[in-house]
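Architecture and fold: a report
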Amino acid sequence: MRKIVLMSSVSLDGFFEGPGRELDWNLVDEELHRHFNEVVRGMGGLLSGRVTHELMAEFWPTADAGPDVEPAIAEFAEIWRNIPKTVFSRTLEHADWNTTIVRDVVPEEIMALKETPGGDLCMSGHDLAATFLHYGLVDEFRVYVHPVILGRGRPLFAPADAPTPLRLAETHTFGNGVVLLRYEREERGEQGASAKAGER
């Protein structure tokens, strides 16, 4: 079964955007960009909300058009154009670049999508993440912590009624100080087994 992977950059204090939706604090150098290219190239599709999709669609379709474009940016532009994309929106009427518009998050439909062949599905966006987490649809978290404290902004995770137990699967430190924390969701049965093992 395919996994749904929440992938996002955050500040050390947990914000994915500044108070004015700023992203200029992201330290994406060539090493990190090539890492993103490799990860997204292996995905079976991208899932996002309207705001995130429109932000990407404003830049990436023609990001490799200039003569002096950095190789990593040109490479991602091609990856983005070709990868299947699903945008969840009740207002968006049209979307290009291999994009399907879906009006609502229906858990049964998402589970059916996970059962189809292909690579894992990469998800981004605060509101969409909150909805997927509410329904227990996120299987893996790839959080890239940047060495900056913003003080204010939009937190990646919305308030929730219950905790989501996670298991650390990987860490990686990049040369610019960004740290990848990759977690997998821990099922309740696994959590209980781990607790019992710790008691012995």
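So, here is what we can say about the structure in this document. As the structure is a prediction and not an experimental result, all values here were calculated from the model.

Remarks on the environment of I110
As for its position among the elements, I110 is in helix 4 (residues 107-115). Overall, the relative accessible area of 5% leaves I110 in the buried class. In this structure, I110 is in contact with I4, F88, V105, F132 and L137, ignoring residues within four places of it in sequence.

Quick word on the environment of P117
Among the structural elements, P117 can be located in the loop between helix 4 and strand 6 (121-124). Sequence separation of P117 and E31 is 86 residues, and the distance between their C-alpha atoms is 30 Å.

Some points on the packing of aromatic side chains
All told, the structure shown has six aromatic pairs when counted by the stated rule. Ring centres of F88 and F132 lie 5.8 Å apart, and the angle between their planes is 80 degrees; this geometry places the pair in the edge-to-face category. Of this pair, F88 sits in strand 4 (residues 85-88) while F132 is found in helix 5 (residues 126-134), placing the two residues 44 residues apart along the sequence. When its relative accessible area of 0% is taken as the criterion, F132 is described as buried. One aromatic cluster in this structure is built from F36, Y144 and F174. The ring of W80 carries the charged tip of K85 above its face, separated from the ring centre by 4.3 Å.

So, the nonpolar core
Grouped burial of nonpolar side chains is what soluble globular proteins tend to show. In terms of nonpolar packing, the biggest core is built from 21 residues, with W60 and Y144 touching the most fellow members. Of all the secondary-structure elements, those providing two or more residues to this core are strand 1 (4-11), helix 1 (30-41) and helix 3 (71-82). The element that contributes the greatest number of residues to this core is helix 3, accounting for five residues. Listed in part, the 19 residues of the second largest apolar core include L6, L47, L121 and V145.

What counts and how
- Residues numbered from 1 in each chain as written.
- Predicted model: local features only at pLDDT ≥ 70, side-chain atom pairs only at ≥ 80, totals over all residues.
- Heavy atoms only, no water.
- Helix = DSSP H or I, 4+ residues; strand = E, 2+ residues; numbered from the N terminus.
- Buried < 20%, exposed > 50% of the residue type's maximum accessible area, 1.4 Å probe, protein only.
- Contact = heavy atoms within 4.5 Å.
- Phe/Tyr/Trp six-rings, centres within 6.5 Å; stacked < 30°, edge-to-face > 60°.
- Lys NZ or Arg CZ within 6 Å of the ring centre and 35° of its normal.
- Core = buried A, V, L, I, M, F, W, Y, C linked by side-chain atoms within 4.5 Å.

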